Amino acid sequence: MSGLKAHFPVLLVVVPLLTAPLLALIRQKQVARALALLSALATAVIGWGLVIAAREQVEPLSYHLGGWPPPIGIEYVVSQASAFVVAIVSSIAALGLLLGTRETRKEVTEGQQHLYYAAYLLCLAGLLGMAITGDAFNVFVFLEISSLSTYSLVAMGNRRRAFSAAFNYLILGTIGGTFVLIGIGLLYQVTGTLNVQDIAHRVQELEDVAPDSHNLTLLVAFVFMIVGLGLKLAVFPLHQWLPGAYAEAPAAVSAFLAGTATKVIYFQLLRTTVVFFGAAHVFGALRFGTHVLMPLSIAGMFIGSIAAIYQPTLKRMLAYSSVGQVGYLTLALSFGTEAGVQAGLLHLGAHAVTKAGLFCVVAAIVAGVGSNRIQRLNGLGKRMPIVAFAFVLGGVGLIGVPGTSGFVSKWALLQAAFASEHYLVAGLVLLSSLVAVVYVWRIVEVMYFQAPPVDEKTTHDNLAMVPALILLGASVLFGLFPDQVVELAADAAHQLFLEPGSLPPLPTGGHG
Amino acid sequence: MTELPLEAVLFVFLLVVGIVVGRLRNLFGAAMLTGIFSFLSAGLFTLLTAVDVAFTEAAVGAGISTVLFLATLALTDDTERESERSWLAIGVVSLTGLALFFGTFDMPAFGDPDAPIHHGVGRHYLMHSWDEIGLPNVVTSVLASYRGYDTFGELAVVFTAGIGVLLLLRSKAAVMGAKAKPIPVRSRAPYVREMPIVRAVAKVMLPFILLFALYVQAHGDFGPGGGFQAGVVFAAAFILYGLVWGPRAVQGIAPERMLEGGMAFGVLLYGGVGVAALFAGGTFLDYSAFTPEHPSHGQHWGIFLVELGVGITVSAVMVVIYFVFTARPRPRLPKRKKGALAPPRLTAVPELPVETPKEGSS
Amino acid sequence: MTLATHWHYWVVIALMMTGLHIVIARRNYVKKLMGLSIFQVSVIMLYVTMGKVAGGTAPVYVMEGEGHDAVPNLDVVYSNPVPHVLMLTAIVVGIATMALGLALVVRIKESYGTVEDDVVIEKDRAEEESLES
């Protein structure tokens, strides 16, 4: 077994990636579903296995694909941070699969379920590959795997709007992806390498040579990567695609995406700023944090949360709330400190679990009431008490009430703000949480203080509640006993901030 | 630099074509011009010595994607409505362009052999790939071995697109055109298959295209070519056959199930080689592990197999995509002005006796 | 940095912006995809321009000797193979995106009866208002 364990980094990606074509061959919907679930569970186990493996090591684990040492070949890097991200992503993916094909259009339910699950697993493989790779161009390839499958999954929503939402996402997502590609190209041109660690090392050399004058090519590479990732992450004002995509996608897809896609991109953003270009340079000389990211984050926090108040459906409300939550994530990064990145990683985990859980609850509500329009939720507290309670539990998690994961991460965020003396920003974080109280309260009011309709039947979707309760339970558990995760995030942040070491020189010999 | 004038001419053409694509409201024409843009780019890539890229761009950009655009236009509208001038768009584009322009200030000169990009890994591949892998085409060595994992991901992208298109366009109502309603004869634009010269030429060319595809597949080790290009050329043969004799005729040769299986099989073959390397004691896709005493043999076998996987999946996906597009029933017949040029139909040709192959202008 | 040494990059940037402008400014979905295609091809051009070495040949070894004894001539100047490899991948990603985008366009046409962005948005708004009341 120890032999197998050595290959965990690659198996994490290859297991879902190779299950997908198998599903396409099988064509049997029950078998396909079981196999997809099994594969996602196996992936989640591998993900947590990597967390343990990374905890045991001081240095990040490196896996040489094709047997070529980096930078000649592509390398997988299991750092504490990347292991943390892949564990969360793969677990949420497995739980999302429990939702099955709820709210998908007719084509999927009529004999194409195997392809739907194949696309789901490809999306998972793409996200995991992106998080764990140590090669800049490989990031782009796996970004596109996950993006293309996401576009088709979003389009499987059961309204015609799913098509236009998916198309919109495709256009903006491709522009984002192409910007990242331009950025990588420019980086490659000035450094001559594609390996993340090697790039980081060489970029630092370039910056050390001329600390006062910026290398313009490098600067533009940075800008393009940030804008591209910002588009994919839905950083305000580049968030236009997100509400449509999350609101129109099938329930399982919304839950999966809300918990994973933006999180992996956020991790890329962390790496790009802290590792590629060096925190000292980005946040020090360039003042990217305080002058660019911080104002945008704060605007996103407020505009996302305020927009959430006015949405007609639960899914749209949660989607706009995600825009606001992305604001917290990027705000944590904008301090440019280890404490900030620690808070960012904590919030990544907390929000992933909470939002995915909430979307699962919405799936149960849609199954029960037949709609997720807020005006039709009256008296849900009586009609579906457990479901309504679960929603409230998730809602208070979004606000950040003590005892939930949201509190732990927001507390860390406040601490980071105080540590870097951004007192006003800390106040704004608290203020924006009050906005979250408003949109959550609006739902509570409809569910608990309005009389239920007289003669409307509700059906109970118990299966959808299983992942919902697991995820929200995890959120509470993490809220009550945060120590281990907080410590993990601290170590992960510390590791990201370590100086990039240089790779051993290229092997010589032979000709030349 | 002797090729400078030719490059400049191509660039001018490209700029003109690009601008015209933006302005032309006849989408049929714009689709053709987009194809021409790709074709001119392929010419430029050849001048810049990127022969593999040129080959692929010509096959994909000028070939497959033009066919897809035309197939889509046949199912949608072929005229664009007027868009208002958007200052926001102009602003965003100017800003992006300016940023990139400033980015070139610290770039090394074009063609500078001392640029950092030409040292580092690129140089390593050129200097050592003969000893480490032993193929004359360095692009193939990098593609299938040094960065073979990228290519695996690329294959997954193609496969994802195949799955996505199947999910979107193949519904029960339109399973490969089986139930597509025949289109009334009088409303049809001219079919390619009604043109005798085209039919004759196609018939002669088909075997050569297939042979060429096999050659390209096998020749990737020695010159421009490889699995991806071969797959596209192979698919092009099927598409040509479909254009001329109708998609249903192709299904006799390549049934849908077989193609769907092929899509999956190529990916599994590629991944299977990778997993086999794990069992042989190496890391994923480490072909040298197959023959530890003589690593370059293992490399040759590995590269041969993964290129085969690429070829199979790519050709299957391309043909499947073409099929689902053409088998989709047309929602409504577009009303066209008198005298307007009708695009040749690429959609499923209902197998009807052709009575009056009139020109489509009526 | 002069016109003589950098004009390739500048023309490529102009081409990229031509494509990007079509994507952002045009409302027709098919046209947007055409713009995207031009944008992506131009980015490929950027990489290929970066990979060119003055006087270099294609990165396929010029062999010396016959049969099994043939060895590559490493004194010949070759262009950098890496950008070529990366761009083969990018071309594939481009066509995959294009196919998926066009499939979506077909479905949008079928369900909305149009492929113009402003009409689609208008229809969505009308639908939303009818659901609200």
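For the structure given in this document, a descriptive report is provided here. (Residues numbered from 1 in each chain as written. Chains lettered and ligands numbered in written order. Predicted model: local features only at pLDDT ≥ 70, side-chain atom pairs only at ≥ 80, totals over all residues. Heavy atoms only, no water.)

## Some words on the pattern of salt bridges
Side chains carrying opposite charge are able to pair once their charged atoms draw close together. Defined as follows: Within this document, salt bridges are pairs made up of a side-chain nitrogen of Lys or Arg and a carboxyl oxygen of Asp or Glu, the two lying within 4 Å of each other. Helix and strand definitions follow DSSP, with helices as H or I runs of at least four residues and strands as E runs of at least two, each counted in order from the N terminus. Accessible area is worked out with a 1.4 Å probe on protein chains only. A residue is then buried under 20% of its type maximum, exposed over 50%, and partly exposed in between.
Counted by the stated rule, this structure contains 24 salt bridges over all chains. Where B:R147 meets A:D135, a salt bridge forms, and the shortest distance between an N and an O atom there is 2.6 Å. Within this pair, whereas B:R147 is found in the loop between α6 (138–146) and α7 (148–169), its partner A:D135 is found in the loop between α6 (113–132) and α7 (136–154), the two belonging to separate chains. Summarising the burial analysis for this pair, B:R147 and A:D135 share the class buried. We note a salt bridge from C:R27 to C:D118, for which the minimum N-O separation is 3.1 Å. Here C:R27, found in the loop between α1 (3–25) and α2 (29–51), pairs with C:D118, found in helix α4 (residues 117–132); they are 91 residues apart in sequence, far enough to count as distant. Salt bridges sharing partners connect three or more residues here, namely A:R159, A:R160, A:R161, A:E248, A:R373, C:D124, C:E127 and C:E128.

## Regarding a nonpolar patch on the surface
All names here are of chain A. The condition is simple: Each patch is assembled from residues with relative accessible area greater than 30% and no salt bridge, linking like charges that lie within 9 Å and nonpolar side chains (Val, Leu, Ile, Met, Phe, Trp, Tyr) that lie within 5 Å. Per-residue and other accessible areas were derived by the Shrake-Rupley procedure at a 1.4 Å probe size, with only the shown protein chains allowed to occlude residues.
Residues F389, L431, L434, V437, W441, Y448 and F449 make up a contiguous nonpolar surface patch of about 720 Å² in total accessible area. With six residues, the top contributor of residues to the nonpolar patch is helix α20 (residues 423–449). Examined against the element boundaries, W441 turns out to sit in helix α20.

## Regarding the environment of A:S91
Residue and element names in this part refer to chain A. Quick reminder of the rule: When checking whether two residues touch, look at their non-hydrogen atoms; a contact exists if any pair is within 4.5 Å.
Examined against the element boundaries, S91 turns out to sit in helix α4 (residues 80–98). Residues S91 and G47, spaced 44 residues apart in sequence, show a C-alpha to C-alpha distance of 8.1 Å. Setting aside chain neighbours within four positions, we find S91 in contact with A44 and W48.

## Here we look at the interface of chain B and chain C
Listed as interface residues are 96 residues of chain B and, on the opposing side, 83 residues of chain C. In this assembly, chain B and chain C are joined by four salt bridges. Ranked by residue count, the leading element in the side of chain B that touches chain C is helix α3 (residues 51–75) of chain B, at 13 residues.

## Describing the interface of chain B and chain A
Here is the rule we go by: Buried area adds together the accessible area that both of two parts lose upon being put together, with accessible area traced by a 1.4 Å probe.
The interface is formed by 58 residues belonging to chain B together with 70 residues belonging to chain A. Of the roughly 5,300 Å² buried at the junction of chain B and chain A (both faces included), carbon and sulfur atoms supply 69%. Taken as a group, B:R147, B:Y149 and B:L167 account for 14% of the area that chain B buries against chain A, more than any other trio of residues on that side. At the junction of chain B and chain A, the tally comes to two salt bridges. One salt bridge in this structure joins A:R27 and B:E260, with 3.4 Å as the shortest N-O distance. For the side of chain B that touches chain A, the elements supplying multiple residues, two or more each, are α4 (87–103), α5 (120–132), α6, α7 and α11 (256–279) of chain B. The element best represented in the side of chain B that touches chain A is α7(B), accounting for 14 residues.

## What about the nonpolar core?
Worth spelling out the cut-off: Only buried residues count toward a nonpolar core, which is a set of Ala, Val, Leu, Ile, Met, Phe, Trp, Tyr and Cys residues joined through side-chain atoms within 4.5 Å. In this document the domain limits rely on a domain assignment from an automatic tool or a database.
Core analysis: the biggest nonpolar cluster contains 354 residues, and A:F391, B:Y149, B:F284, B:F325, C:L33 and C:M87 have the highest contact counts within it. The residues that make up this core include at least three from each of domain 1 (1–80) and domain 2 (130–362) of chain B. Beyond its immediate stretch of four places on either side in the chain, C:M87 contacts A:F137, A:L181, B:V53, C:I44, C:Y47 and C:V48. Counting residues in hydrophobic clusters, the runner-up holds eight residues, among them B:A202, B:A213, B:V233 and B:W245.

## Looking at the pairing of strand β2 (residues 75–78) of chain A
All names here are of chain A. Basically, it comes down to this: In short, DSSP must find at least two bridges between two strands for them to pair.
Because side chains alternate across β2, one face comprises the buried residues E75 and V77, and the other comprises Y76 and V78, equally buried. The sheet contact formed by strand β1 (residues 61–64) and β2 spans four bridges and is antiparallel. Each residue of the ladder has a partner; that of Y63, found in β2, is Y76.

## A few points about the packing of α2(C) against helix α3 (residues 81–112) of chain C
Residue and element names in this part refer to chain C. How we decide: Note on definitions: angles span 0 to 180 degrees between N-to-C directions of axes, and those axes are lines fitted to C-alpha atoms, for helices only across the stretch in contact. Our angle categories are set so that under 35 degrees counts as roughly parallel, over 145 as roughly antiparallel, 65 to 115 as roughly perpendicular, and the remainder as oblique. Residues are grouped as follows: Ala, Val, Leu, Ile, Met, Phe, Trp, Tyr, Cys and Pro are nonpolar; Asp, Glu, Lys and Arg are charged; every other residue, Gly included, is polar.
Their axes nearest at 10 Å, the elements α2 and α3 cross at an angle of 180 degrees. With respect to each other, α2 and α3 are oriented roughly antiparallel. For the pair formed by α2 and α3, the contact residues are Y29, V30, L33, S37, Q40, I44, Y47, V48 and G51 on the first element and P83, L86, M87, A90, I91, G94, M98, G101, L102, V105 and I108 on the second. For the contact of α2 with α3, the per-class residue count stands at 15 nonpolar, five polar and no charged.

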